Amino acid sequence: MCGIVCAFDLKQKSEDLRPQLLDMAKRIRHRGPDWSGIYSNEKVIMAHERLAIVDPASGKQPLFSKDKKFVLAANGEIYNHRELRQQFPSYQFQTESDCEVILALYQTKGVDFLDELNGIFGFAIYDVEKDDYFIARDHMGIIPLYIGWDQYGTFYVASELKALEGVCTKIELFPPGHYMSSKDGIFTQWYQREWTGYEAVKDNETSIALIKEALEAAVHRQLMSDVPYGVLLSGGLDSSITSAIAKKYAQKRIESDDQSEAWWPQLHSFSVGLEGSPDLAAAKKVADHIGTIHHEIKFTIQEGLDAIKDVIYNLETYDITTIRASTPMYLMARVIKSMGIKMVLSGEGADELFGGYLYFHKAPNAQEFHEETVRKLSKLHMYDCLRANKSLAAWGIEGRVPFLDKEFIDVAMSINPQDKMINGERMEKWVLRKAFEDMLPESVAWRQKEQFSDGVGYSWIDTLKEVVHAEVTDEQLANAKYKFPLQTPINKEELYYRTIFAEHFPSDAAALCVPQEASVACSTQIALEWDEAFKNMNDPSGRAVAKVHDDAY
């Protein structure tokens, strides 16, 4: 995980802007504490803060082509870089960095190479001779990327909002699965799939064996690392599966095609929760079953409350669900960092792919079920991807999400939606549970979905609500439209978080980068139509789904 800050179309002298770019890059140095690099000429400035995961010795950035005509500043990992390099037997690579293959592809194929990449990325390429730039973001927006313009019209690209706040008068999210070329300045969608349409998948066969094979391949790919790594293990189904698969492959070095011994063969797993939380107990059971070296990280409610201001600054959001879940993850990441771990696998994405959230119990038919999973995937970059990336990056840790592997998504979203439906015989994510039941304790393989913010201990959210109710008066909520006329908070908890957000990010431009949508148990707003009881609720907790969650309100 790294951080980039670039300035193009300079409207001021480069030498005058360079100190500003260095300051902007410093604001995101937590993402890349290992090295700082910068390239500048009279037309462009590209700064990079590096977290060294692959090729720590020579992979510092920005990266250059041998003739120095192309410059790359990239945040991400290209999991299939070794296979891609084989296309270029005569290309003179300068490093062993996985990202350098992006330069070779761009020089050879222009903009039409992005779907060849299997990875996570947000990057900018500069063509020195033509004064052209090219910016792209991965298929799901797993890596954050923002763009902005200052008062003079200089165009900026940055990994986090905080780099642009106070500099740019206009800020936008760079959309996932898109690229932009300076030749036309238009967002072009490169990631397009037939499975987004129900008609393309409604008659498909479902292969549980293929699901297992594809996810194992995804986890195997993502174990690419030259530094110590671990797994996040909440004890829920998704993280238990990724942890079990990682353990299966951890003894061998992936880069040697599993021929040599791993540099760090002991797999460490990490869970977080309040004393006595559901997740801690389940995670311990899984760790004992698969044989990881397991670490329980316990936090108190007060420690969580004390961290919220820092969490909002690092996560750059005031979304309720994200903050509730990010706070324990942020606290856990600090402990993981203290143990020398620089990369972890996490289980985000499975609930979107397989309809794992409890509100999917209310889906009226397979078509609406499928269309909701497609909607959820399209919004992930503003929620769970943002949480996983920034909670960890705050402490210089890279998070990888095998369920969102580009090839695995194609498999998971192409199975028959009817087979994902929840009924009297099948619980949520039945096909996924069936695929991996042989690798997990039965009580975990068939454990009811527990959202991360609930699983760390129900009293965490319950206390948050009590604190907010005491801090925010009815009058303040009634008058919120005057304090925040743009995206006015709709309840006390959101107003509480928005007020803290505004202390860190006072501009309207920053506020508009945060999503605002009514939700029950993490649903989209459209899915609220599925159940009459949903329409008057706005609670992202899974416990809001009455008669489904075992401990519903």
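Structure: above.
The paragraphs below set out a description of the structure included in this document.

### So, the overall build of the chain
So, step 1. Broken down by element type, the chain carries 20 helices and 17 strands.
So, step 2. Its C-alpha atoms give the chain a radius of gyration of 23 Å, near enough to 24 Å, the size a compact globule of 553 residues would have.
So, step 3. Overall, the chain is about 65 × 60 × 50 Å in size when its C-alpha atoms are taken along their principal axes.
So, step 4. Considering only residue pairs separated by 6 or more positions, the chain has 70% of its internal contacts joining residues 24 or more positions apart.
So, step 5. By element, 49% of the accessible surface of the chain is carried by carbon and sulfur atoms, the whole surface being about 20800 Å².
So, step 6. Of the side-chain charges in the chain, 60 are positive and 83 negative, and the distance between the mean point of each set is 3 Å.

### Notes on empty space enclosed by the protein
So, step 1. Under the defined criterion, the tally for this structure stands at six cavities of 30 Å³ or more.
So, step 2. Estimated volume of the second largest cavity: approximately 110 Å³.
So, step 3. Every residue lining the second largest cavity is counted, 17 residues in all, and those nearest its centre are Tyr146, Leu173, His381, Leu386 and Lys390.
So, step 4. The leading source of residues in the lining of the second largest cavity is helix α11 (residues 384-393), at four residues.
So, step 5. When grouped by side-chain class, the residues that make up the lining of the second largest cavity number 11 nonpolar, three polar and three charged.

### Considering the side chain of histidine 381
So, step 1. Topologically, histidine 381 is positioned in the loop between α10 (366-379) and α11.
So, step 2. Given the relative accessible area of 11%, histidine 381 is considered buried.

### With respect to the side chain of glutamate 348
So, step 1. Counting through the fold element by element, glutamate 348 comes out in the loop between β16 (343-345) and α9 (350-354).
So, step 2. Glutamate 348 gets classed as buried once you look at its relative accessible area, which sits at 8%.
So, step 3. In terms of polar contacts, glutamate 348 uses its side chain to reach the side chain of serine 346, at 2.5 Å.
So, step 4. Among the polar contacts listed, one links the side chain of glutamate 348 to the side chain of arginine 387, at a separation of 2.9 Å.
So, step 5. Glutamate 348 has contacts with Met329, Asp384, Arg387, Ala388, Val401, Phe403 and Leu404, leaving out every residue within four places of it along the chain.

### Observations regarding the sheet that holds strand β8 (residues 146-150)
So, step 1. The six strands are arranged β2-β3-β1-β9-β8-β10 in an open sheet whose pairing can be described as antiparallel. Every other strand in the sheet has two partners, leaving β2 (35-40) and β10 (168-173) as the edge strands with one partner each. Sheet twist, expressed as the average angle between the axes of neighbouring strands with direction ignored, equals 15 degrees.
So, step 2. Looking at chain direction, β2 and strand β3 (residues 45-50) are connected through six bridges and run antiparallel. Counterpart to tyrosine 39 in the pairing with β3 is methionine 46.
So, step 3. Lying on the sheet, helix α1 (residues 14-26) is in contact with β1 (3-8), β2, β3 and β9 (155-158); it crosses β3 at an angle near 25 degrees.

### Regarding the sheet that holds strand β6 (residues 119-127)
So, step 1. Reading across from one edge, β4-β5-β6-β7-β11-β12 is the order of the six strands in this open sheet, with antiparallel pairing throughout. Either end of the sheet is taken by a strand with one partner, and the two such strands are β4 (63-64) and β12 (187-189).
So, step 2. Note that β4 and strand β5 (residues 70-78) share two bridges and pair antiparallel. Bridge pairing in β5 places phenylalanine 64 opposite valine 71.
So, step 3. Together, β4, β5, β6 and β7 (132-137) form the strand contacts of helix α3 (residues 100-109), whose direction differs from that of β5 by roughly 125 degrees.

### With respect to the nonpolar core
So, step 1. Ranked by size, the top nonpolar core spans 89 residues in total, and within it Leu114, Leu117, Phe123, Phe408 and Leu432 carry the most contacts.
So, step 2. Leaving out residues up to four positions away in the same chain, phenylalanine 123 has contacts with Ile4, Leu72, Ala73, Ala74, Ile102, Phe113, Leu114, Leu117, Phe134, Ile135 and Ala136.

Conventions we followed
Throughout this description, residue numbers start from 1 for each chain and increase along the sequence as written. Owing to the predicted nature of the model, reporting of local features is limited to residues with pLDDT of at least 70; listing and counting of side-chain atom pairs is limited to 80 or more, with chain, interface and lining totals taken over all residues. Each side-chain value is worked out from all heavy atoms of the structure, with water and hydrogens disregarded. Counting from the N terminus, the helices are DSSP H or I runs at least four residues long and the strands are E runs at least two residues long. Radius of gyration here is computed from C-alpha atoms only, and the compact-globule reference equals 2.2 Å multiplied by the residue count raised to the power 0.38. By the convention used here, residues are in contact when the closest approach between their heavy atoms is within 4.5 Å. To measure how exposed things are, a 1.4 Å probe is used in the Shrake-Rupley method; for residues, cover is taken only from the protein chains shown. None of His or the chain ends enter the tally, which takes Lys and Arg as positive and Asp and Glu as negative. One atom stands in for each charge, and that atom is NZ of Lys, CZ of Arg, CG of Asp or CD of Glu. A cavity here means a set of 1 Å grid points, computed over protein atoms only, where a 1.4 Å probe fits but cannot escape. A pocket is an open set with protein on both sides within 12 Å along at least 5 of 7 lines, and lining residues have an atom within 4 Å of a point. Grid points are joined across faces, edges and corners, and a volume is the space filled by probe spheres set on the points. In this classification, Asp, Glu, Lys and Arg are treated as charged, Ala, Val, Leu, Ile, Met, Phe, Trp, Tyr, Cys and Pro as nonpolar, and every other residue, Gly included, as polar. When accessible area is computed with a 1.4 Å probe and restricted to protein chains, residues below 20% of their type maximum are described as buried, those above 50% as exposed, and intermediate ones as partly exposed. Contacts described as polar in this section are N or O atom pairs within 3.5 Å, which, within protein, must combine one atom able to donate a hydrogen with one able to accept it, while residues neighboring in sequence count only if both atoms come from side chains. Here, a strand pair is defined by DSSP locating no fewer than two bridges between the strands. Between N-to-C directions, angles span 0 to 180 degrees; the directions come from axes that are lines fitted to C-alpha atoms, helices contributing only their stretch in contact. As used here, the term nonpolar core means buried Ala, Val, Leu, Ile, Met, Phe, Trp, Tyr and Cys residues forming a set that is joined through side-chain atoms within 4.5 Å.

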